[in-house]
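# Fold and contact review
Here is what each chain is made of, one letter per residue.
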Amino acid sequence: MSSTAERAADRGPDQDRVWTVAEHLDDILGHVHPLEPIELQLLDAQGCVLVEDVTVPGALPPFDNSSMDGYAVRTADVAAATEDHPAVLTVVGDIAAGSGDLPAVGPGEAARIMTGAPIPPGGQAVVPVEWTDGGLDSGPVTHMPARGSDPHGGSGRVRVFRPAKDAQHVRARGSDADAGERALRAGTVLGAPQIGLLAALGRATVKVRPRPRVVVLSTGSELVQPGEDVGPGRIHDSNSFQLTAAAREAGAIAYRVGAVADDAETLRAAVEDQLVRADVVVTSGGVSVGAYDVVKEAMHEVHFRKLAMQPGKPQGFGRVGPESTPLLALPGNPVSSYVSFELFVRPVIRTMLGSADVHRTIVQAVCPEGVASSPKDRRQFLRGWYEPATIDGPATVSPVGGTGSHLIKAMAHSNALIVVPENVTEVAPGGEVDVVLLA
């Protein structure tokens, strides 16, 4: 069979059939799997999903330490301390964070101690420096004298004006976590606090599913790079920026290639050149029925379909290159492109990440204005502004802008998509609708 005939045979059933949104998404996700786990350095693992439980190897913190700048004391020595009758203690040394050689605190003694420093032998509590004269033979001070400007340093006397209880201002060994505890559960997305915890546990690397690499290309000879002048019939390329940003927000490492002219050989060469750094390829434009729909012409491995949805009727999906890399071909109008990304590309990224929340949250809300009309047999996705429920009333959502798939400003002022099902042609004012939350 000729190449042209093979393509026609492959595409025929898809071209004649109208797919539902769910059917198209199910077909895509049926060909996509979580990426294989790898060991990454901590900062490289940010945004990734942990694939194994992490346990605490040793107590955290590993030793009793001070939570304040002040003086380590024996509580009996300061039990009766007041401003009029302070406890006067002999300072036996300085203990900074990281100190290893600790002076013992005996009766009538104190050790100057800094935040995070280990509690010395004999120390039962820490009195903050604000409760003392800082060793300056005066009234209460507001801060610890700098080591270089303190005439006594870690010696001399200190006056304590308030009593302290046992273990006051002391972070006990294991008070955060005990050895053997589970620190993080498999499936956790590693954000800044989780990275910090892993570092505190002494982990230099961690086993995760890597963030998928997504390559984004726009198609269209009319597209001009932002910052450049547009001539007659030309427009700035917004899709590649919008989709690259959306992919990053979804958790991917995204690469923007930019606009490719309406030439099949050029587009195919651009896609093949990018496969070395792509787990997913996303194109926008060139998937409809026009004479210049270059993606349909160039990417014969991709199945192009008509979906029962608005916006975003034309869609394409296939696997390309030696690694069978998924390619999702989205329509070119900016709103169609973004809605298609949310419905189809984002779930692919979340699946590859191994995330538990593959899909956006869907809630119900009252639509005070209603929806005057919606196309029969198509699922409509309208831009909307969602307000959560309050004690005074239910959650609401209001349409933003018109239904045109080129109205990108309205998309930028939306935080949700209003869903009108295929069998509904209008929503009465005050009716309840499904809402896809975009934030």
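Everything here concerns the structure above.
Just so you know, these numbers come straight off a predicted model, no measurement behind them.

### Digging into the overall build of the chain
- A tally of helices and strands in the chain yields 9 helices and 27 strands.
- On C-alpha atoms alone, the chain measures out to a radius of gyration of 32 Å, which is more than a quarter above the 22 Å that the 2.2 N^0.38 rule sets for 439 residues.
- Oriented by its inertia axes, the alpha-carbon framework of the chain measures out at about 95 × 55 × 45 Å.
- Counting across all 439 residues of the chain, residues that qualify as buried make up 46%.

### Considering the side chain of Thr75
- Mapped onto the elements of the fold, Thr75 is located in helix α3 (residues 75-78).
- Take Thr75: its relative accessible area is 14%, and that puts it in the buried class.
- Dropping the residues within four chain positions of it, Thr75 is found in contact with Gln124, Ala125, Ala164, Lys165 and Asp166.

### What about the layout of surface pockets?
- Estimated volume of the largest pocket: approximately 520 Å³.
- Around the largest pocket sit 32 residues that line it, and Gly285, Gly286, Pro331, Gly332 and Asn333 are the ones nearest its centre.
- Going through the elements one at a time, β14 (213-219), β16 (235-236), β20 (309-310) and α8 (334-353) are the ones with two or more residues in the lining of the largest pocket.
- Taken together, the residues of the lining of the largest pocket break down into 9 nonpolar, 17 polar and 6 charged.

### Quick notes on the side chain of Thr244
- Tracing the backbone through its elements, the reader meets Thr244 in helix α5 (residues 239-249).
- In this structure the side chain of Thr244 is engaged in a polar contact, spanning 2.6 Å, whose partner is the backbone oxygen of Ser240.
- With residues near it in sequence (within four places) discarded, Thr244 still touches Val216, Ala254, Tyr255 and Arg256.

### With respect to the pattern of salt bridges
- Taken as a whole, this structure holds 14 salt bridges when the rule is applied.
- Of the charged contacts, one joins Asp27 and Arg305 as a salt bridge, the two residues approaching to 2.6 Å between their closest N and O atoms. Of the two residues, Asp27 sits in helix α2 (residues 21-29) while Arg305 sits in strand β19 (residues 303-307), which places them 278 residues apart along the sequence. Residues Asp27 and Arg305 agree in their burial class; the two are buried.
- The salt bridge involving Arg268 is made with Glu301; its shortest N-O contact spans 2.5 Å. Taken together, the residues span a long stretch of sequence, with Arg268 in helix α6 (residues 264-274) and Glu301 in the loop between α7 (294-298) and β19 at a distance of 33 residues.
- Residues joined by salt bridges that share partners form a network here, namely Arg268, Glu272 and Glu301.

### A word on the sheet that holds β14
- Here 7 strands make up an open sheet; going across it, the order is β1-β19-β21-β22-β18-β14-β17 and the pairing mixed. Two strands bound the open sheet, and with one partner strand each, they are β1 (18-19) and β17 (253-260).
- Relative to strand β22 (residues 325-330), strand β18 (residues 280-284) runs parallel, the two sharing 4 bridges. Paired with Thr283 across the two strands is Ala329, which belongs to β22.
- With respect to the sheet, α8 is in contact with β14, β18, β19, β21 (314-320) and β22, its orientation differing from that of β22 by roughly 165°.

### Considering the pairing of strand β27 (residues 431-437)
- Within β27, 5 of the 7 residues are buried, which leaves the element mostly enclosed by the surrounding structure.
- Pairing between strand β26 (residues 416-420) and β27: 4 bridges, direction antiparallel. Directly across from Ile418, in β27, lies its bridge partner Val435.

### With respect to the packing of aromatic side chains
- In this structure the tally under the stated criterion is 0 aromatic pairs.
- When the ring centre of Trp131 is taken as origin, the NZ or CZ atom of Arg162, which lies over that ring, is 4.1 Å away.
- In this structure, Arg305 is placed above the aromatic ring of Trp19, and the distance from its NZ or CZ to the ring centre is 3.8 Å.

### Considerations on the nonpolar core
- Counting 39 residues, the largest nonpolar core has Leu328, Phe344 and Ile349 as its most contacted members.
- For this core, the elements supplying multiple residues, two or more each, are α2, β14, α5, β18, β22, α8 and β26.
- In terms of residues, this core owes the most to one element, α8, which gives 11 residues.
- Residues contacting Phe344, with those up to four places away along its chain left out, are Val21, His24, Leu25, Ile28, Leu307, Met309, Gln315 and Leu328.

### Focus: the packing of α2 against α8
- Here α2 crosses α8 at 30°, and the two axes come no closer than 10 Å. Looking at the two axes, α2 sits roughly parallel to α8. Here α2 and α8 pass one another in a crossing that is right-handed. Facing Val21, His24, Leu25, Ile28 and Leu29 of α2, the residues of α8 in contact are Leu343, Phe344, Pro347, Val348 and Thr351.
- Residue classes in the contact of α2 with α8 are distributed as 8 nonpolar, 2 polar and no charged.

Conventions and cut-offs
Residues numbered from 1 in each chain as written. Predicted model: local features only at pLDDT ≥ 70, side-chain atom pairs only at ≥ 80, totals over all residues. Heavy atoms only, no water. Helix = DSSP H or I, 4+ residues; strand = E, 2+ residues; numbered from the N terminus. Rg over C-alpha atoms; globule rule 2.2 N^0.38 Å. Buried < 20%, exposed > 50% of the residue type's maximum accessible area, 1.4 Å probe, protein only. Contact = heavy atoms within 4.5 Å. 1 Å grid on protein atoms, 1.4 Å probe; cavity = no way out; pocket = protein on both sides within 12 Å on 5 of 7 lines; lining within 4 Å. Points joined across faces, edges and corners; volume = space filled by probe spheres on them. Nonpolar A, V, L, I, M, F, W, Y, C, P; charged D, E, K, R; others polar. Polar contact = N/O pair within 3.5 Å; in protein donor to acceptor, adjacent residues only side chain to side chain. Salt bridge = Lys/Arg side-chain N within 4 Å of Asp/Glu carboxyl O. Pairing = 2+ DSSP bridges. Axes fitted to C-alpha atoms, helices over the stretch in contact; angles between N-to-C directions. Phe/Tyr/Trp six-rings, centres within 6.5 Å; stacked < 30°, edge-to-face > 60°. Lys NZ or Arg CZ within 6 Å of the ring centre and 35° of its normal. Core = buried A, V, L, I, M, F, W, Y, C linked by side-chain atoms within 4.5 Å. Parallel < 35°, antiparallel > 145°, perpendicular 65-115°, else oblique. Left-handed = near helix turned anticlockwise from the far one by under 90°.

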